[in-house]
Amino acid sequence: MNPIARNPKDFWTGLIYILVGAGALVISREYDMGTAVKMGPAYFPTILSVLLVGIGIISVLRAFIRSGSPIGVVAWKGLVLIVASTLLFGVVLRGAGVVIALPLLVIVSALASARFSWKTALLEAAGITVFCIVVFLKGLGVPLPILGSWFGN
Amino acid sequence: MELLANLGIGLSTSLTPLNLLYCLAGVFLGTLIGVLPGLGPTATIAMLLPVTFTLPPVSALIMLAGIYYGSQYGGSTTSILVNVPGEAASVVTALDGYQMARQGRAGAALTTAAVGSFFAGTVATIILALFAPPLAAVALKFGPAEFFSLMVLGLLASIVLARGSLLHAAGMVVLGLLLGLVGTDVNSGIQRFTFGLLRLADGIGFVVVAMGMFGLAEITRNLENEEDRSMVVNKVSSLMPTREDWKRMIGPILRGTGIGSALGILPGSGSILGSFAAYAIEKKVSKNSKEFGRGAIEGVAAPESANNAGAQTSFIPMLTLGIPSNPVMALMIGAMIIQGIQPGPSVITEQPKLFWGIIVSMWIGNLFLVVLNLPMIGLWVRLVSVPYQLLYPAILVFCGIGVFSLNNTEFDVYAMAFFALVGYLFVKLDCEPAPMLLAYILGPMMEEYMRRALLLSRGDPTVFFTRPISATLLALGALAVIAASLPALHKKREEAFRE
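The numbering scheme is per chain: residues are counted from 1 as the chain's sequence reads. To read the labels, note that chains go from A and ligands from 1, taken in the order they are written. The model is predicted, so local features are restricted to residues of pLDDT at least 70 and side-chain atom pairs to those at 80 or more, both for listing and for counting; the totals for chains, interfaces and linings are taken over all residues. Hydrogens and water are ignored here; the side-chain numbers use all heavy atoms of the structure.

1. Examining the overall build of chain B
The condition that has to hold: Secondary structure elements follow DSSP: runs of H or I no shorter than four residues count as helices, runs of E no shorter than two count as strands, and numbering proceeds from the N terminus. For every residue, the accessible area obtained with a 1.4 Å probe (protein chains only) is divided by the maximum for its type, and the residue is called buried under 20%, exposed over 50%, and partly exposed between those limits. Residue contacts follow a heavy-atom distance rule, with two residues in contact if any of their heavy atoms lie within 4.5 Å. Surface exposure here means Shrake-Rupley accessible area, sampled with a 1.4 Å probe, where a residue is shielded only by the protein chains that are shown. Residues counted as positive are Lys and Arg, residues counted as negative are Asp and Glu, and His and the chain ends are not counted. Positions of charges follow a simple convention, taking NZ of Lys, CZ of Arg, CG of Asp or CD of Glu.
Secondary structure summary: chain B contains 23 helices and two strands in total. Taken along the three principal axes of its C-alpha coordinates, chain B extends 70 × 55 × 50 Å. Looking at chain B as a whole, 62% of its 499 residues qualify as buried. Counting contacts in chain B only where the partners sit at least 6 residues apart, residues at least 24 apart contribute 78% of the total. Carbon and sulfur atoms make up 67% of the accessible area of chain B, which amounts to about 18,600 Å² in all. In chain B, the 29 positive side-chain charges and the 28 negative ones have mean positions that sit 7 Å from each other.

In structure tokens:
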């Protein structure tokens, strides 16, 4: 059986470690290595990168000789909606202001739940928006516009 | 009687109306999040950090500490009443606590948890007050080599105590160290791993990493299977345990306090390990071991004392050495740095008000917990029934606004989303994020200590093994890793985490 199917966790984790480690190693070469007495900016990252690549290689090799547990259920819908709603929030925050950004964040993320209903989501969005304007914007003075620059403010 | 004088300083600091208020706010918020399932102390503290930046350092840390031990306490209430542990450390409390509640003895179980927690909190606070100053005095004599080795020991211990594969945890530590190096190198002024992004010149904010990996990734994980949470809430009748109960809880509380205090100091564990170990040991030594799992009061008293004791003693390495023993302590160190306090052994002498104020306020906070929470059980019970589909968008909003307000930039919001993705990926691959966060905080410090140690030794790397204290620390770390990877113990370790 192939190692990806038999021990996916060891395989993929190892691969990620190898890729990140190798990437860091390549980038570190742009910096000055220095000597042990006078460590340059590349010294410590180089040690770490080599360590990480080493750990990654062992992990991948282990996937070939030992079987592991499967990855299991992945909440794709949840993951996509949580990440997307957060990004969206960042994009519209200044332009549209919290009156738009907050309800957007609440409703888009709430869509991830199996028990989503428009009524509760809209109610919650309204409640949270009012709460945040009162507590964070007025109370704690977070410098965010209620209505953003897209509306000519 | 220096101790009394020091406690006097602590009392005068923590008894100001403002600090009392923040202590109260901390334990209240802590209990709240301890009660709400799916929201842990790490995510909450990360969420509230931006708010505390405007407070004076002492008040900020008093409040953050209150949140931490308050959450340990709140988690037990829901474990007992509805069999939903609000927090990882109270998972074992649910075993016997819920059974007691079903037998109509919810009140007795809650009081036992409260009494045990308060006793453990008091003892652990005394331990902290007694042992922290001498430890800090020893640490003041440490050179860079010793500090480097101490950090290595801390990271190795966090690898051993992490759930899942040792190898993967080791990788997470190295990854965290590398991540910590992103930004401007203090010695050369060169920007490392910033990909030309000006926003990364100061490094990646640790609040951003913590909120993404612990807050958002955790939400995603909870969305995998939204269990039906229509549950039976047990009624609370008399809060008073019987005479027999009192007699039976004394031993477990004492043992739990001892085990929890000792294990709390260990890096990587905090209160969780303590509560599991205390329950397992109590089950072995108790005369009533047959009753365990069927509502034995010992099964509530021991883990509840242990987790509270552990929550307090995990402050010892943080306050005296500047080394975090768990993600919450890592966040506290981050908070100190932002407040302009350099964490380490000199805190105790340079900031006596801060140090003793925090210690005394912990005891006051524990008192608040007992006095306030038993009467407020009705409120907590109602909070447990808040459906998750309403809770998580609110958490997301607080994370979003909180992370934005750090530097008033959208960049941090995007970075948080990125770390949510990374965090969830690693959760699915069985790589625990806690060691990574610890390493991330320690990364820049470790590089600096290594640089200085090698400078002093004229480039000779054996300095870490020839200096006795440094060598001992490294040997301890190596021993822990070897022990954990021995086949016999390896199996035990897996069992311990599965329970």
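2. Things to note about the confidence of the model for chain B
Cut-off, in case you're wondering: What pLDDT reports is the predictor's confidence in each residue, on a scale of 0 through 100.
Predicted confidence across chain B gives a mean pLDDT of 85, with 93% of residues reaching 70 or more. The least confident element of chain B is helix H23 (residues 487–498) of chain B, whose mean pLDDT is 61; the most confident is helix H8 (residues 166–180) of chain B, at 94.

3. Overview of the interface of chain A and chain B
Rule in force here: Put simply, buried area is the surface a 1.4 Å probe can reach on two separate parts but cannot reach once they are joined, added for both. Any carboxyl oxygen of Asp or Glu that lies within 4 Å of a side-chain nitrogen of Lys or Arg is treated as forming a salt bridge with it. The definition of a polar contact used here is a pair of N or O atoms within 3.5 Å, where within protein one atom must be able to donate a hydrogen and the other to accept one, and adjacent residues in sequence count solely through side-chain atom pairs.
Listed per partner, the contact involves 67 residues of chain A and 64 residues of chain B. Of the roughly 5,500 Å² buried between chain A and chain B on both sides combined, carbon and sulfur atoms contribute 75%. On inspection of chain A and its partner chain B, the count reaches two salt bridges. Of the charged contacts in the structure, one is a salt bridge between Glu410 of chain B and Arg94 of chain A, with a shortest N-O distance of 2.8 Å. Run the count over chain A and chain B and you get 18 residue pairs in polar contact (both at pLDDT 80 or more).

4. Some words on helix H6 (residues 118–139) of chain A
How we decide: Here a helix's expected span is defined as the number of its residues, less one, multiplied by 1.5 Å.
Taking 1.5 Å of rise per residue, 22 residues should cover 32 Å, and H6 of chain A covers 30 Å from first to last C-alpha, within 8% of that figure. Residues Ala121, Glu124, Ala125, Ile128, Thr129, Cys132, Ile133, Phe136 and Leu137 of chain A constitute the buried set of H6 of chain A. Where the residues of H6 of chain A are buried, they touch helix H5 (98–110) of chain A together with helix H18 (388–407) of chain B. After H6 of chain A finishes, the residue Gly141 of chain A shows a positive phi value of roughly 70°.

5. Focus: the pattern of salt bridges
Counted under the stated rule, the structure contains 16 salt bridges over all chains. The residue Arg62 of chain A makes a salt bridge to Asp10 of chain A at a minimum N-O spacing of 2.8 Å. Pair noted here: Arg62 of chain A is in helix H3 (residues 43–65) and Asp10 of chain A is in helix H2 (residues 8–28), with a separation of 52 residues, a long-range link. Judged by its relative accessible area of 4%, Asp10 of chain A is buried. Between Arg255 of chain B and Glu282 of chain B there is a salt bridge, and its shortest N-O distance comes to 2.7 Å. Note that Arg255 of chain B is positioned in helix H10 (residues 243–265) and Glu282 of chain B in helix H11 (residues 271–285), a separation of 27 residues in sequence. If you follow the salt bridges from partner to partner, you end up with Asp185, Arg192, Glu447, Glu448, Arg451 and Arg452 of chain B in one network.

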